[in-house]
Amino acid sequence: MSQEDREVDEALALVSRATEARGAAAQAQAPHAAGPGAEPDGGGGAGRTGPAAASSPSPARTRATPWREARAVAARAGGAGAPRTRRVALAQALGQVLAEPLRALTDLPSFDTSAMDGWAVAGPGPWWSVGEGGQVLAGHAGPAALADGAAVRIATGARVPPDATAVIRSEHARLDEAQARLYARREVVQGQDIRPRGQECRTGDRLLPAGALVSPAVLGLAAAAGYDELDVVPRPRVEVLVLGDELLNEGLPHDGMVRDALGPLLAPWLRALGAEVLATWHLGDDAGALHRAVTASEADLVVTTGGTAAGPVDHVHPVLREAGAELLVDGVAVRPGHPMLLARLAGGAEGRYLVGLPGNPLAAVSGLLTLAEPLLRARAQRPAPAPYSSPVRDAVNGHPHDTRLVPVVHRAGGADGNGPEQAVPLHYNGPAMLRGIAAADALAVVPPGGARAGQHLEILELPWTEGRFT
């Protein structure tokens, strides 16, 4: 067992002992008049007798939403409300999602086309050739019909002359210039190297469904099919509010100040999830500034960092109450990232939300994957990657009650490295650490209690492994 694993085990043991101590204290302080089996006020566990008291969850744990349920709540929130669409030029559509199916506006190709440089021929050979100036080039007016037994030079992409029966590639033909005769070096099959009109699609054919991500290839297909503009789902607009008086934007940490790691991390991550990041603001620990920023924002989603717990400068909950927001998720049973939250903001445009991320970097990443990603995917109508699992190479410590997200890399198994792929847990996975996630391919979803070596765990891919940082 590594030193780090021993430290985790010791920390989890302390959690367990602390839970037992709280339960015993609650039992000792309970009014005896309540009697055995009586329910305490609020269902918090005080007043119960017997062994159940030691394992009763605390009120804070009772409020925490299970991890999978929290993701489902976020996805439902993102999908609420009428879908929005807008028409944009092709050049502006990259990375967005089709709001309508892409249907061909023309046949592709729209005329019979030569697939090769060579000779268009009519009938069986040998053929008499057309002289200089008689070649058929791409982009020119339609050529005259080709008489039986005739041949004419033709370029790739050029319109095939009417009555032509085949195209012979240049390297498969021999021209006898003295006799003006063209001979084929191999058998000629009718229709060879001719792309007939409508070979790829006919006018009205559905090329792609609504919800397809507009990639560079989709832009090319849309242009070929006759589009100048596309109907897309607009990117959700996001503002990031980085909170904390202790944060530096440049230079080395000093005098109790630390570098802001989340400002540089969040904006590109959110863009990879399909969002349009309007701005990243640094507010410090100022409740008034936070209230003004949240209530004045026109973004579809406000993302805050830090301030979600109950410390002296944790202002997110009070500001949300003052702003009339509705808490949908207030704490999630996941480690790291337990004090994350999701709120529906009041006023302004319909369907505005706030995701409060913890201030520790890896805990904030957990919040992104748990709440921000499902919400933004649903809002942008981007399909979620198909879920999959992978066996873990090593045993992974778990939390006694909560789901745990652990950075992993994919590696081939077996002594010779040729076995099935496995997920290898990475060290440096504490809530305040980014070293593990920076090297990771994904995060493994570890159930309460941990996972044994070889156990299959759900895998959450990271945006850069999906090729979305472009």
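Anyway, here's the lowdown on the structure attached to this text. (Residues numbered from 1 in each chain as written. Predicted model: local features only at pLDDT ≥ 70, side-chain atom pairs only at ≥ 80, totals over all residues. Heavy atoms only, no water.)

Quick look at the packing of aromatic side chains
Any aromatic ring pair is given by two values, namely how distant the centres are and how the planes are angled relative to each other. Let me state the cut-off plainly: The aromatic pairing rule takes the rings of Phe, Tyr and Trp, using the six-membered ring of Trp, and pairs them if the centres are within 6.5 Å, calling planes under 30 degrees apart stacked, those over 60 edge-to-face and the rest tilted. A ring is scored as having a charge over it whenever the NZ atom of a lysine or the CZ atom of an arginine sits within 6 Å of its centre and within 35 degrees of its normal.
Evaluated as defined, the whole model comprises 0 aromatic pairs. Taking NZ or CZ as reference, arginine 159 lies 5.1 Å from the ring centre of phenylalanine 111, over its face.

A short note on the environment of valine 277
Filter applied, for reference: In this text, helices come from DSSP runs of H or I with a minimum length of four residues, and strands from runs of E with a minimum of two, each type numbered from the N-terminal end. When a residue's accessible area, from a 1.4 Å probe over protein chains only, is under 20% of the maximum for its type it is buried; when over 50% it is exposed; and in between it is partly exposed. Throughout, a contact is declared for two residues whenever any of their heavy atoms are within 4.5 Å.
In this fold, valine 277 is placed in strand S18 (residues 276-282). Under the relative-accessibility criterion, valine 277 is labelled buried at 13%. Taking the C-alpha atoms as reference points, valine 277 and arginine 237, separated by 40 residues in sequence, lie 5.9 Å from one another. Contacts of valine 277, omitting those with residues within four sequence positions, involve Val238, Val240, Ala267, Leu270 and Arg271.

Concerning the environment of glycine 337
Inspection of the secondary structure assignment puts glycine 337 in the loop between strand S21 (332-335) and strand S22 (341-344). Look at glycine 337 and you get buried, because its relative accessible area is 5%. Taking C-alpha positions, glycine 337 is 9.3 Å from proline 361, a pair spaced 24 residues apart along the chain. Setting aside residues up to four positions removed in sequence, glycine 337 forms contacts with Pro358, Ala363 and Ser366.

Quick notes on the sheet that holds S22
Put simply, the test is: Pairing between two strands requires that DSSP report at least two bridges joining them. Fitting a line to C-alpha atoms yields each axis, with helices limited to the stretch in contact; the angle taken between N-to-C directions then spans 0 to 180 degrees.
A sheet is described by the order of its strands in space; here 6 strands give the open sequence S18-S15-S19-S23-S22-S20, paired in mixed fashion. The open sheet has two edge strands with one neighbour each: S18 and strand S20 (326-330). On average, adjacent strands in this sheet sit at an angle of 20 degrees to one another, irrespective of strand direction. Sheet analysis places strand S19 (residues 301-305) next to strand S23 (residues 353-357), joined by 5 bridges and oriented parallel. Within S23, the residue paired with valine 302 across the bridge is leucine 354. Against the sheet, helix H4 (residues 67-79) touches S20, S22 and S23, its axis set at about 145 degrees to S20.

Let's talk about unusual backbone geometry
Cis peptide bonds are those with omega within 30 degrees of zero, and the linkage from leucine 108 to proline 109 qualifies with -10 degrees. Topologically, proline 109 is positioned in the loop between strand S4 (102-103) and strand S5 (113-114). The omega torsion across glycine 125 and proline 126 is 0 degrees, close enough to zero to call that bond cis. Within the secondary structure, proline 126 sits in the loop between strand S6 (118-121) and strand S7 (127-129).

Points about the packing of H4 against helix H9 (residues 361-380)
The line we're drawing: When an angle is under 35 degrees it counts as roughly parallel; over 145 it counts as roughly antiparallel; between 65 and 115 it counts as roughly perpendicular; any other value is oblique. A clockwise turn of the near helix away from the far one marks a right-handed crossing, whereas an anticlockwise turn of less than a right angle marks a left-handed crossing.
Interhelical geometry of H4 versus H9 gives an angle of 30 degrees and a closest axis separation of 7 Å. Judged on the interaxial angle alone, H9 and H4 are roughly parallel. Crossing of H4 over H9 shows right-handed handedness. The segment H4 lies against H9, with Trp67, Ala70, Arg71, Ala74, Ala75, Ala77, Gly78 and Gly79 engaging Leu369, Thr370, Leu371, Pro374, Leu375, Ala378 and Arg379.

Quick look at the nonpolar core
Applied cut-off: By nonpolar core we mean a set of buried residues, namely Ala, Val, Leu, Ile, Met, Phe, Trp, Tyr and Cys, connected to one another through side-chain atoms within 4.5 Å.
In terms of nonpolar packing, the biggest core is built from 46 residues, with Leu270 and Leu342 touching the most fellow members. Once residues within four sequence positions are removed from consideration, leucine 270 is found in contact with Val238, Val240, Ala275, Val277, Val303, Leu368 and Leu376.

Focus: the pattern of salt bridges
Let me state the cut-off plainly: Any Lys or Arg side-chain nitrogen located within 4 Å of an Asp or Glu carboxyl oxygen qualifies as a salt bridge.
Scanning all chains against the criterion turns up 13 salt bridges. One salt bridge in this structure joins arginine 68 and glutamate 458, with 2.5 Å as the shortest N-O distance. Placement of the pair is arginine 68 in helix H4 and glutamate 458 in strand S28 (residues 456-461), with a sequence separation of 390 residues. We note a salt bridge from aspartate 394 to arginine 393, for which the minimum N-O separation is 3.1 Å. The partly exposed category is assigned to arginine 393, whose relative accessible area is 43%.

Things to note about the packing of helix H6 (residues 262-272) against H9
One way to put it is that H6 packs onto H9 with a least axis distance of 12 Å and a crossing angle of 25 degrees. Between H6 and H9, the crossing angle belongs to the class labelled roughly parallel. Where H6 crosses over H9, the handedness of that crossing is right-handed. Mapping the contact onto sequence places Leu262, Leu265, Leu266, Trp269 and Leu270 in H6 and Pro361, Ala364, Val365, Leu368, Leu369 and Leu376 in H9.

Some details on the environment of leucine 94
Examined against the element boundaries, leucine 94 turns out to sit in the loop between strand S2 (86-89) and strand S3 (97-98). The spatial distance from the C-alpha of leucine 94 to the C-alpha of serine 215 is 5.9 Å, given a sequence separation of 121 residues. Every residue in contact with leucine 94, bar those within four places of it in the chain, is listed here: Val214, Ser215, Pro216, Leu219 and Arg235.

Here's the deal with the sheet that holds strand S11 (residues 181-184)
As a general point, the strands of a sheet are linked pairwise by backbone hydrogen bonds and lie either parallel or antiparallel. Here we have 6 strands laid out as an open sheet, ordered S9-S6-S8-S7-S11-S10, and mixed in their pairing. In this open sheet, the two strands that pair with only one neighbour each are strand S9 (166-169) and strand S10 (173-176). Averaged over all pairs of adjacent strands, the angle between strand axes in this sheet comes to 35 degrees, irrespective of strand direction.

A few points about helix H7 (residues 287-296)
To keep things clear, this is the line we draw: Here a polar contact is recorded for every N or O atom pair within 3.5 Å, except that within protein the pair must consist of a potential hydrogen donor and a potential acceptor, and residues adjacent in sequence are included only if both atoms are side-chain atoms.
Along H7, the positions that sit buried rather than exposed are Ala289, Leu290, His291, Ala293 and Val294. In this fold, the buried residues of H7 make contact with strand S15 (237-242), S19, helix H8 (316-322) and S23. Where H7 begins, one side-chain oxygen reaches toward the backbone nitrogen of glycine 288, 3.0 Å away; that side chain belongs to aspartate 286.

Geometric descriptors of this kind do not, in isolation, establish any biological role.
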